[in-house]
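Fold and contact review
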Amino acid sequence: MGFLLLAGAIAAEIAATTSMKYSEGFTRLWPSVITAVGYVVAFALLAQTLKTVSVGTAYAIWSGAGTAAIAVIGTLFLGEGMTVTKAAGIALIVIGVVVLNLGGAH
């Protein structure tokens, strides 16, 4: 159940961060509201996750998956470029999360 909650926390954080881009510095109401609600939901779900998943593992997965997903969203939907360095960074994040989980950190 903890990892299901963590997945929800990651999804909420991704939605909040993407909405923040569209809020134009919090000058547009609805993207700003989605940003605020998304982060509240993300932290609430992350807090619930920590009841059953170790903090190091949960935070590494939450921050790593969120960072990688936002980088991909930026490239696919927001007109940001993808460089070899950026792709390598995303790959290292994914590899790091996998190694962390294979190492029995939870």
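Residues numbered from 1 in each chain as written. Predicted model: local features only at pLDDT ≥ 70, side-chain atom pairs only at ≥ 80, totals over all residues. Heavy atoms only, no water.

**As for the overall build of the protein**
Counted only if it meets this: Under the scheme used here, helices are H or I runs from DSSP no shorter than 4 residues and strands are E runs no shorter than 2 residues, and both carry numbers assigned from the N terminus. Partly exposed describes any residue whose relative accessible area lies between the buried limit of under 20% and the exposed limit of over 50%, with all areas from a 1.4 Å probe on protein chains only and scaled to the type maximum. Should any heavy atoms of two residues lie within 4.5 Å, those residues are counted as being in contact. Only the protein chains shown count as cover for residues, and all accessible areas are computed by the Shrake-Rupley method using a 1.4 Å probe.
Each helix and strand counted, the protein has 4 helices and 0 strands in total. Each helix and strand of the protein, ordered N terminal to C terminal, gives the series α-α-α-α. For the protein, the C-alpha atoms occupy an extent of roughly 45 × 35 × 15 Å along the three principal directions. Each of the 106 residues in the protein was classed as buried or not, and the buried ones make up 30%. Of all intrachain contacts in the protein linking residues separated by at least 6 positions in sequence, the fraction that spans at least 24 positions is 62%. For the protein, the exposed surface amounts to about 6200 Å²; the carbon and sulfur share of it is 75%.

**With respect to the confidence of the model for the protein**
What counts here: The score called pLDDT rates the predictor's confidence residue by residue, from a low of 0 to a high of 100.
Predicted confidence across the protein gives a mean pLDDT of 93, with 97% of residues reaching 70 or more. The secondary structure element of the protein with the lowest average pLDDT is helix H4 (residues 84-102), at 88, and the one with the highest is helix H2 (residues 29-49), at 98.

**A short note on the nonpolar core**
Where we set the bar: To form a nonpolar core, buried Ala, Val, Leu, Ile, Met, Phe, Trp, Tyr and Cys residues must be joined to one another through side-chain atoms within 4.5 Å.
Core analysis: the largest hydrophobic core is formed by 13 residues, its most contacted members being Leu-6, Ile-10, Leu-46, Ile-61 and Trp-62. Counting only elements with at least two residues in this core, the list comes to helix H1 (2-22), H2 and helix H3 (55-77). No other element matches H1, which puts 5 residues into this core. When sequence neighbours within four positions are dropped, the list of residues in contact with Leu-6 reads Leu-46, Thr-49, Ala-58, Ile-61 and Trp-62.

**With respect to H1**
Each α-helix winds once per 3.6 residues, and so residues spaced three or four apart point in a common direction. Put simply, the rule is: By this rule the span expected of a helix is its residue count minus one, scaled by 1.5 Å.
Look at H1: 31 Å from first C-alpha to last across 21 residues, which is about the 30 Å you get at 1.5 Å a residue. Looking at the buried positions of H1, the neighbouring elements they touch are H2 and H3.

**Here's the deal with the pattern of salt bridges**
Note the threshold: For this analysis, a salt bridge means a side-chain nitrogen from Lys or Arg found within 4 Å of a carboxyl oxygen belonging to Asp or Glu.
Tallying each qualifying case throughout the model produces 1 salt bridge. The salt bridge partner of Glu-80 is Lys-86, with a shortest N-O separation of 3.6 Å.

**So, the packing of aromatic side chains**
Counted only if it meets this: Only Phe, Tyr and Trp rings are paired, with Trp represented by its six-membered ring, and only when their centres lie within 6.5 Å; those with planes under 30 degrees apart are stacked, over 60 edge-to-face, the remainder tilted.
Inspection of the entire model under this criterion finds 2 aromatic pairs. Relative to Trp-62, the ring of Tyr-59 has its centre 5.6 Å away and its plane inclined at 45°; by these criteria the two rings are tilted. In this pair, Tyr-59 and Trp-62 both sit in helix H3, 3 residues apart, roughly one turn of the helix. The exposure class of Tyr-59 is partly exposed, given its relative accessible area of 47%. For Trp-62, a relative accessible area of 8% translates into the label buried. Taken together, Phe-43, Tyr-59 and Trp-62 form an aromatic cluster joined through their ring pairs.

**Structural notes on a nonpolar patch on the surface**
Put simply, the rule reads: The patch calculation keeps residues exceeding 30% relative accessible area without a salt bridge and links them within 9 Å when they carry like charges or within 5 Å when they are nonpolar (Val, Leu, Ile, Met, Phe, Trp, Tyr).
A contiguous nonpolar surface patch, about 480 Å² in accessible area, is contributed by Leu-29, Trp-30, Val-33, Val-37 and Val-41. Within the fold, Leu-29 resides in helix H2.

**What to know about the packing of H1 against H2**
If you want to describe how two helices pack, look at the angle between their axes and the distance between the axes. Our working definition: Fitted lines through C-alpha atoms serve as axes, helices being fitted only where they are in contact, and the angles separating the N-to-C directions of these axes extend from 0 to 180 degrees. The cut-offs work like this: below 35 degrees is roughly parallel, past 145 is roughly antiparallel, 65 to 115 is roughly perpendicular, and the gaps in between are oblique. Crossing handedness is defined as follows: a turn of the near helix away from the far one that is anticlockwise and smaller than a right angle gives a left-handed crossing, while the clockwise case is right-handed. Under the convention adopted here, Pro, Cys and the residues Ala, Val, Leu, Ile, Met, Phe, Trp and Tyr are nonpolar, Asp, Glu, Lys and Arg are charged, and Gly plus all remaining residues are polar.
H2 packs onto H1 with a crossing angle of 160° between their chain directions and a minimal axis gap of 7 Å. The angle between the axes of H1 and H2 places the two elements in the roughly antiparallel class. The element H1 and its partner H2 pack so that their crossing is left-handed. Per-class residue counts for the contact of H1 with H2 are 15 nonpolar, 8 polar and 1 charged.

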